[in-house]
Amino acid sequence: MTATNESSKKYWMYFGISFVIIVLLLAFASEFFWVALPFVLTFLVKALDAI
């Protein structure tokens, strides 16, 4: 149980970091925001344990 909880915390942290990166890309280089999009979506799905 704790391993799953630790893994979920790790994925939420990765999601938060990648979300900040995508927001910064949208603000300063909007033509490249799609580069970070797969990371945001992947870590969100893993954090929600949808797989």
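See the structure above.
> Help me out: how do you make sense of a nonpolar patch on the surface in this one?
Residues Phe32, Trp34, Val35, Leu37 and Leu41 make up a contiguous nonpolar surface patch of about 490 Å² in total accessible area. The residue Phe32 is located in the loop between helix 1 (2-28) and helix 2 (37-47) in this model. We classify Phe32 as partly exposed; its relative accessible area is 44%.

> Looking at this structure, I do not really get the environment of Ile51. What am I missing?
Among the structural elements, Ile51 can be located in the segment after helix 2. Excluding residues that lie within four positions of it along the chain, Ile51 makes contacts with Val45 and Lys46.

> Help me understand the nonpolar core in this model?
Among soluble globular proteins, nonpolar side chains are generally buried collectively. Core analysis: the largest hydrophobic core is formed by seven residues, namely Tyr11, Phe15, Ile22, Ala36, Val40, Phe43 and Ala47. Elements with a contribution of two residues or more to this core: helix 1 and helix 2. Setting aside anything within four residues of it in sequence, one finds Phe43 in contact with Tyr11, Tyr14, Phe15 and Ser18.

Definitions and limits used
Residues numbered from 1 in each chain as written. Predicted model: local features only at pLDDT ≥ 70, side-chain atom pairs only at ≥ 80, totals over all residues. Heavy atoms only, no water. Patch = residues over 30% accessible without salt bridge, like charges linked within 9 Å, V, L, I, M, F, W, Y side chains within 5 Å. Areas by Shrake-Rupley, 256 points an atom, 1.4 Å probe, with all protein chains shown as cover. Salt bridge = Lys/Arg side-chain N within 4 Å of Asp/Glu carboxyl O. Helix = DSSP H or I, 4+ residues; strand = E, 2+ residues; numbered from the N terminus. Buried < 20%, exposed > 50% of the residue type's maximum accessible area, 1.4 Å probe, protein only. Contact = heavy atoms within 4.5 Å. Core = buried A, V, L, I, M, F, W, Y, C linked by side-chain atoms within 4.5 Å.

In short, the description is geometric, and any link to function would need to be established separately.
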